[in-house]
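What the coordinates show
Below, each chain spelled out in residue letters.
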Amino acid sequence: MEARAIHKREGTFMMKKKCTWMILMCAICILLTACSAGKQQDAFQNWEEDAVPITALKEYVDKVTDEKSARNMEDRIAMFDLDGTLYCETFPIYGEWLLFADYVLNTPGYQAPEHIRAVAEELAAIEKASDIPSHMEETHIKAHAEAFSGMTIEDYYEVVEAYKSTAADGFNGMARGEAFYLPMLEVVDYLLENDFIVYICSGTNRFTVRGLIDGVIDIPARQVIGTDFTIAASGQGEEMDMHYSYTEDDELLMGGTLITKNVKMSKVA
């Protein structure tokens, strides 16, 4: 009798334990569902409620992520421009132009060649007048490549970080590194959460873009496509790339020559 009573109590205890776990798991599921719904609701705080583009985006994402949908896609890629799409394009001119001009004109101890300084001074004048000459896109990028020639990639990223901390012209209390469009960042985050591979394809130098988005957009550096400069090894000297092998003691340097400006048809390619 005593053994049966003990067995009965143990059975009752196990049933209560099982019920408790079931209740707990149900509560967790309800909580996760609520959190997911809340997360979707909060994903677009900087958009108007029921904004047409966001409604369309959600409908599209639902279709391509639903395993039962005929439009389901396992490999999902989203491509964004930078300037004017994710980041301020004209405040009052391109950020990369401002970075170059600031560095050339205001860096203590840096003496730019006269032709490089002339480009920076022209950009400073354009910044005040907001009147951009047609030649500047090509003129700037060649001067930019030459101005930073020989600098390590790590040091270049530090230049970008310093630029990001400077005040954004025309805004109160905003640094240039904060000059991203918040609604568009929400779109990027939403796509990343739904397992899209996000790329940025920009006319801006890829190292500038990688530095700008650091801490803002969580994508690998390899998913940034931009204007390309040559890259050299610190021990390479005058040897051509095909004649020099990179060593463990080498550092990567900005090579100083433009490969391609990633705009117009170059961006398509």
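Here, residues in each chain are numbered from 1, in the same order as that chain's written sequence. A pLDDT threshold of at least 70 governs which residues receive local features in this predicted model, and a stricter bar of 80 or more applies before side-chain atom pairs are shown or counted, although totals over entire chains, interfaces and linings include all residues. Side-chain numbers here rest on the full set of heavy atoms in the structure, without hydrogens or water.

Thoughts on the confidence of the model for the chain
We apply this condition: Residue-level confidence of the predictor is what pLDDT reports, using numbers from 0 through 100. Counting from the N terminus, the helices are the DSSP runs of H or I reaching at least four residues and the strands are the DSSP runs of E reaching at least two. Residues are treated as being in contact if the distance between any of their heavy atoms lies within 4.5 Å.
Scored by pLDDT, the chain comes out at a mean of 88, with 84% of its residues at no less than 70. The lowest-confidence element of the chain is helix α1 (residues 2-42), averaging 54 in pLDDT; the highest-confidence one is helix α7 (residues 182-193), averaging 98. Below pLDDT 50 for its whole length, residues 32-37 participates in 0 contacts with residues either more than four positions away or in separate chains.

Observations concerning a negative patch on the surface
For the record, the criterion: Patch membership requires more than 30% relative accessible area and the absence of a salt bridge. Residues of like charge join within 9 Å; the nonpolar side chains Val, Leu, Ile, Met, Phe, Trp and Tyr join within 5 Å. The Shrake-Rupley method, run with a 1.4 Å probe sphere, supplies the accessible areas, and residue values consider only the shown protein chains as cover. We count a salt bridge whenever a side-chain nitrogen from Lys or Arg sits within 4 Å of a carboxyl oxygen from Asp or Glu. Asp and Glu count as negative and Lys and Arg as positive, but His and the ends of the chain are not part of the count. To locate a charge, the coordinates of NZ of Lys, CZ of Arg, CG of Asp or CD of Glu are taken. Under the scheme applied here, a residue whose accessible area is under 20% of the maximum for its type counts as buried, over 50% as exposed, and between as partly exposed, the area being computed with a 1.4 Å probe on protein chains only.
A cluster of acidic residues, Glu 59, Asp 62, Asp 66, Glu 67, Glu 74 and Asp 75, forms a negative patch on the protein surface. Looking at where Asp 66 falls in the secondary structure, it is placed in the loop between α2 (52-65) and β1 (76-80). Assessed through its relative accessible area of 36%, Asp 66 is described here as partly exposed.

Here we look at the side chain of Arg 210
Just so we agree on the cut-off: Within 3.5 Å is the distance limit for a polar contact, defined as a pair of N or O atoms, with the added protein rule that one can donate a hydrogen and the other accept it, and that residues adjacent in sequence qualify only through two side-chain atoms.
Along the chain, the position of Arg 210 falls in helix α8 (residues 206-213). At 6.7 Å, Asp 228 is the nearest oppositely charged side chain to Arg 210, a buried residue that forms no salt bridge. Polar contacts involving the side chain of Arg 210 include one to the main-chain carbonyl oxygen of Ala 221, which spans 3.0 Å. In this structure, Arg 210 is in contact with Tyr 157, Ala 221, Arg 222 and Val 224, ignoring residues within four places of it in sequence.

Overview of the packing of aromatic side chains
Convention followed: Whether two aromatic rings pair depends on their centres lying within 6.5 Å, for rings of Phe, Tyr and Trp, where Trp uses its six-membered ring; planes under 30 degrees apart make the pair stacked, over 60 edge-to-face, and the rest tilted. Working rule: Lys NZ or Arg CZ, within 6 Å of ring centre, within 35 degrees of ring normal, means a charge sits over the ring.
The final tally for this structure, using the stated rule, is 7 aromatic pairs. Taking 4.7 Å as the distance between ring centres and 35 degrees as the angle between the ring planes, the aromatic pair formed by Tyr 103 and Phe 148 counts as tilted. Of this pair, Tyr 103 sits in helix α3 (residues 95-106) while Phe 148 sits in the loop between α5 (136-147) and α6 (153-164), and the two are 45 residues apart along the sequence. Relative accessible area serves as the criterion here: at 1%, Phe 148 is assigned to the buried category. An aromatic cluster is defined as three or more aromatic residues linked by ring pairs; in this entry it consists of Tyr 103, Tyr 110, Phe 148 and Tyr 156. The cationic tip of Arg 76 hangs over the ring face of Phe 196; the distance from NZ or CZ to the ring centre is 5.7 Å.

Topic: the environment of Glu 48
As for its position among the elements, Glu 48 is in the loop between α1 and α2. A relative accessible area of 69% means that Glu 48 is categorised as exposed. Put simply, Glu 48 and Pro 183 are 135 residues apart on the chain and 9.8 Å apart in space, counted from C-alpha to C-alpha.

Remarks on the pattern of salt bridges
Side chains bearing opposite charge may pair, as long as their charged atoms lie close to each other. Considering all chains together, one arrives at 9 salt bridges under this definition. We note a salt bridge from Asp 195 to Arg 76, for which the minimum N-O separation is 4.0 Å. One end of the pair, Asp 195, is in the loop between α7 and β2 (196-205); the other, Arg 76, is in strand β1, and 119 residues separate them in sequence. Assessed through its relative accessible area of 54%, Asp 195 is described here as exposed. One salt bridge in this structure joins Glu 121 and Arg 117, with 3.3 Å as the shortest N-O distance. In this pair, Glu 121 and Arg 117 both sit in helix α4 (residues 114-129), 4 residues apart, roughly one turn of the helix. The exposure class of Glu 121 is partly exposed, given its relative accessible area of 42%.

Topic: the packing of α6 against α8
Rules: To obtain an axis, a line is fitted to C-alpha atoms, over the contacting stretch when the element is a helix, and the angle between two such axes runs from 0 to 180 degrees between their N-to-C directions. Roughly parallel means an angle under 35 degrees; roughly antiparallel means over 145; roughly perpendicular covers 65 to 115; every other angle is labelled oblique. Each helix crossing is assigned a hand: it is left-handed if the near helix lies turned anticlockwise from the far helix by less than a right angle, otherwise right-handed if that turn is clockwise. Throughout this entry, Asp, Glu, Lys and Arg are counted as charged residues, while Ala, Val, Leu, Ile, Met, Phe, Trp, Tyr, Cys and Pro are counted as nonpolar. The remaining residues, Gly among them, count as polar.
One can describe the packing of α6 onto α8 by two numbers: an axis separation of 9 Å at closest approach and a directional angle of 55 degrees. Taken as axis vectors, α6 and α8 run oblique relative to one another. For the pair α6 and α8, the sense of crossing is right-handed. Where α6 abuts α8, its residues Ile 153, Tyr 156, Tyr 157, Val 160, Glu 161, Tyr 163 and Lys 164 lie against Phe 207, Thr 208, Arg 210, Gly 211 and Leu 212. In terms of residue class, the contact of α6 with α8 is made up of 7 nonpolar, 2 polar and 3 charged.

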